[in-house]
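# Close look at the chain arrangement
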Amino acid sequence: MDWQGQKLAEQLMQILLLIAAVVSFVVGYTTASFRMMMLIYAGGVVLTTLITIPNWPCFNRHHLKWLDPSEAEKHPKPQVVVVSSKKKSSSKK
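Residues numbered from 1 in each chain as written. Predicted model: local features only at pLDDT ≥ 70, side-chain atom pairs only at ≥ 80, totals over all residues. Heavy atoms only, no water.

An unreviewed UniProt entry lists the protein under the name Signal peptidase complex subunit 1, with Arabidopsis thaliana x Arabidopsis arenosa as the source organism. Under Sequence similarities (unreviewed entry), UniProt gives the following word-for-word description of the protein: "Belongs to the SPCS1 family." As its UniProt record puts it under Function (unreviewed entry), the protein is described as follows: "Component of the signal peptidase complex (SPC) which catalyzes the cleavage of N-terminal signal sequences from nascent proteins as they are translocated into the lumen of the endoplasmic reticulum. Dispensable for SPC enzymatic activity." (UniProt positions renumbered as here; feature names shortened; annotations may be inferred.)

So, in structure tokens, the structure goes:
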């Protein structure tokens, strides 16, 4: 999944969960059934999961171009800098 695909999946998740919450609340309120409200919302969560979690082709439209390993060796690698900290010794008399 590319960056734009992640953004799309996030937006779809938020929209679908909001729709499921509103629909479940309206149905639960009109039928006066908390159980029905929770079942509809749980169905919305399952549907949202099935739509947003798998790596569908619509989430892979903008492929990333990775650097070739041979090209990567030409660039310098970051060097580790060792910083030594000297502790001040306190002399107690």
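Once you've had a look at it, read on.
Scanning the protein from terminus to terminus reveals 3 helices and 0 strands. Reading the protein from its N terminus to its C terminus gives the helix and strand order α-α-α. For the protein, the residues scored as buried account for 12% of the 93 residues in total. Only carbon and sulfur atoms are counted for the fraction: they give 66% of the accessible area of the protein, which is about 8600 Å². Averaging the locations of the 11 positively and 5 negatively charged side chains of the protein gives two centres separated by 22 Å. (Helix = DSSP H or I, 4+ residues; strand = E, 2+ residues; numbered from the N terminus. Buried < 20%, exposed > 50% of the residue type's maximum accessible area, 1.4 Å probe, protein only. Areas by Shrake-Rupley, 256 points an atom, 1.4 Å probe, with all protein chains shown as cover. Lys, Arg positive; Asp, Glu negative; His and termini not counted. Charge placed at Lys NZ, Arg CZ, Asp CG, Glu CD.)

Our next topic: helix H2 (residues 34-52). Between its terminal C-alpha atoms H2 stretches 27 Å, which fits the 27 Å expected from 19 residues at 1.5 Å a residue. By the burial criterion, the buried members of H2 are Met37, Gly44, Thr48 and Thr52. Each buried residue of H2 lies within a common arc of 50 degrees when the element is viewed along its axis, so the set occupies one face. Across from the buried face of H2, at angles greater than 90 degrees, the exposed residues are Arg35 and Leu50. Along its buried surface, H2 packs onto helix H1 (3-31). (Expected span 1.5 Å × (residues − 1). Arc of directions from axis to C-beta. Contact = heavy atoms within 4.5 Å.)

This next bit is on the UniProt feature "transmembrane region" (unreviewed entry) in the protein. Per the UniProt annotation, the sites labelled "transmembrane region" (unreviewed entry) are residues 12-32 and 38-56. Regarding residues 12-32, the helix share stands at 95% and the strand share at 0%, and the terminal C-alpha atoms are separated by 29 Å. Between the C-alpha atoms that bound residues 38-56 the distance is 28 Å, and the span itself is 79% helix and 0% strand.

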